[in-house]
Protein chains: 2
Amino acid sequence: MATPADATRPHRAPLNTQAVLRAAVALADESGVDALSMRKLAQALGVAPMALYKHVDGKDELLDGMIEVVIGEIDPPEPGVEWKTAIRRRVLSARQMLLRHPWASQVIEARTKVRPTPAVLAYMDTMIEIFRSGGLSVDLTHHALHTMGSRLLGFSQELFNESGGDDQEPDPETSRAMAEQYPNITALVTAITHDEGSVVGAGCDDQFEFEFALDLLLNGLERLHDAAS
Amino acid sequence: MATPADATRPHRAPLNTQAVLRAAVALADESGVDALSMRKLAQALGVAPMALYKHVDGKDELLDGMIEVVIGEIDPPEPGVEWKTAIRRRVLSARQMLLRHPWASQVIEARTKVRPTPAVLAYMDTMIEIFRSGGLSVDLTHHALHTMGSRLLGFSQELFNESGGDDQEPDPETSRAMAEQYPNITALVTAITHDEGSVVGAGCDDQFEFEFALDLLLNGLERLHDAAS
DNA sequence: ACCTGAACACCGTTCAAGT
DNA sequence: ACCTGAACACCGTTCAAGT
């Protein structure tokens, strides 16, 4: 008869999404993200490969979940701090996270090109809020995002380029939901595109932004050089 | 009898490395680098998968070869041009290349982490030469590389971080060969590490460089904000 | 010298089945 | 509700063989 003490009873805690994500992060930290496969992750959890699909929708969603985990490790913004200091501390905290998870920049970059995760959007939203609360204009904040690039996330790949792979126009309901959840992104994009409907930066001149950032860097370097001469 | 006009004669030009690389670049341009497999590339060339291995050593070397092809599309440096203009033109040329080959930034980043290709090293070397010829000090040039990051290559991921995955110390002969081929990289690294033997920037304080770049950007943004107020 | 076919050890994922 | 096993359509690559 099968009792709770039956020898065939599995002697591990039942799986859940958080446990799967944490195991995936640990496995990627140890062996790199290229060595992370659904099959190896299942093996590490002592489970059949297909058991994972009850808790994550597939490999892409697993990677998205791992992003949520590591973004959650970045320090929250501190209220009442001058904008430059606030941005600086947060970016350095993001950098510390990336040093703990060397695979994260690559995964965040790749997945963000397809569709940014909610945690990435929320992070960017709070960063925009810091700039705007500091008194920077919408235009300058917009340029700042491009100039900082993904330095905002502790590394420096341009995010949100190629106007996002998500071609379809969002319907009005999701637009409104987006505006509620990410008010600063919405306000900035609205101000820049002058078109309430679009949420992704359709009205953004990539070439101009690239040159803006480039010249900001070059002028800064020149100033340092002149000061040293 | 088998004559040149034999019906069984293959009616395509014989394969060579350049043809393989060009086909791979074209396939990645069309379908993205994730869809690029040895098998699909072979199919596109009308050949068995294993035929490719006579011309490239494997998939990693195929990717390296593709990098050489696209780096070769960047305009060469123009002599006798002021350093800021020279850097600016070259970076914008690199950016145009990346717009033609959207997969390239990802591939260059991933492969450079393992081992930079000769074309990438040569490109960086000429960029350093432009800075140094413009009179910038070795230290400022070093900071400039970190500040510009991979904006130097038209995108903005930090390259050469993690001190390169290539752990083993190069033997004296290859060090000397490196110094001949990439004199500016060598001079800069030597000046920074004060250690002739090491070629990769072992003496580079990543944290300091990150903050240097960050502050350069933030100070530049602040100056623009102040000027606008 | 150049190309092929079969085979091996991997993938992610669907499906029907177990408990 | 949660997990499994077999199977499918893919990978990159080795090996022995063809011409």
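Predicted, not measured: the structure shown is a model, and the values here were computed from it. (Residues numbered from 1 in each chain as written. Chains lettered and ligands numbered in written order. Predicted model: local features only at pLDDT ≥ 70, side-chain atom pairs only at ≥ 80, totals over all residues. Heavy atoms only, no water.)

(A) Fine view of helix α5 (residues 104-114) of chain B. Of the positions making up α5(B), those classed as buried are B:Ala104, B:Ser105, B:Val107, B:Ile108, B:Glu109, B:Arg111 and B:Thr112. Those residues of α5(B) hidden inside the fold are in contact with α5 (104-114) of chain A together with α3 (59-71), α4 (83-100) and α6 (118-133) of chain B. (Buried < 20%, exposed > 50% of the residue type's maximum accessible area, 1.4 Å probe, protein only. Helix = DSSP H or I, 4+ residues; strand = E, 2+ residues; numbered from the N terminus. Contact = heavy atoms within 4.5 Å.)

(B) Region of interest: the packing of helix α1 (residues 17-31) of chain A against helix α3 (residues 59-71) of chain A. Residue and element names in this part refer to chain A. α3 packs onto α1 with a crossing angle of 85 degrees between their chain directions and a minimal axis gap of 9 Å. Regarding the angle of α1 to α3, the classification is roughly perpendicular. Contacts between α1 and α3 pair Val20, Leu21, Ala24, Val25 and Ala28 from the former with Leu62, Gly65, Met66 and Val69 from the latter. Taken together, the residues that form the contact of α1 with α3 break down as 8 nonpolar, 1 polar and no charged. (Axes fitted to C-alpha atoms, helices over the stretch in contact; angles between N-to-C directions. Parallel < 35°, antiparallel > 145°, perpendicular 65-115°, else oblique. Nonpolar A, V, L, I, M, F, W, Y, C, P; charged D, E, K, R; others polar.)

(C) Fine view of the UniProt feature "domain: HTH tetR-type" (unreviewed entry) in chain A. Per the UniProt annotation, the sites labelled "domain: HTH tetR-type" (unreviewed entry) are residues 14-74 of chain A. End C-alpha to end C-alpha, residues 14-74 of chain A measures 29 Å, and it is 57% helix and 0% strand. (UniProt positions renumbered as here; feature names shortened; annotations may be inferred.)

(D) Representation of the pattern of salt bridges within the structure. Per the counting criterion, the structure on display carries 10 salt bridges over all chains. A salt bridge links B:Asp64 to B:Arg111; the nearest nitrogen and oxygen atoms lie 2.8 Å apart. Of this pair, B:Asp64 sits in helix α3 while B:Arg111 sits in helix α5; the two residues are 47 residues apart in sequence, bridging distant segments of the chain. Each of the two residues, B:Asp64 as well as B:Arg111, counts as buried. The salt bridge partner of B:Glu109 is B:Lys113, with a shortest N-O separation of 3.6 Å. One end of the pair, B:Glu109, and the other, B:Lys113, are both in helix α5, 4 residues apart, so they sit about a helical turn from each other. Judged by its relative accessible area of 25%, B:Lys113 is partly exposed. Salt bridges sharing partners connect three or more residues here, namely A:Asp60, A:Asp64 and A:Arg111. (Salt bridge = Lys/Arg side-chain N within 4 Å of Asp/Glu carboxyl O.)

(E) Summary view of α1(A). Residues and elements named next belong to chain A. The first and last C-alpha atoms of α1 sit 21 Å apart over 15 residues, in line with the 21 Å expected at 1.5 Å per residue. All of the buried residues along α1 are Val20, Leu21, Ala23, Ala24, Val25, Leu27 and Ala28. Buried residues along α1 sit against α2 (38-44) and α3. Where α1 starts, the residue carrying a side-chain oxygen 3.0 Å from the main-chain nitrogen of Gln18 turns out to be Asn16. (Expected span 1.5 Å × (residues − 1). Polar contact = N/O pair within 3.5 Å; in protein donor to acceptor, adjacent residues only side chain to side chain.)

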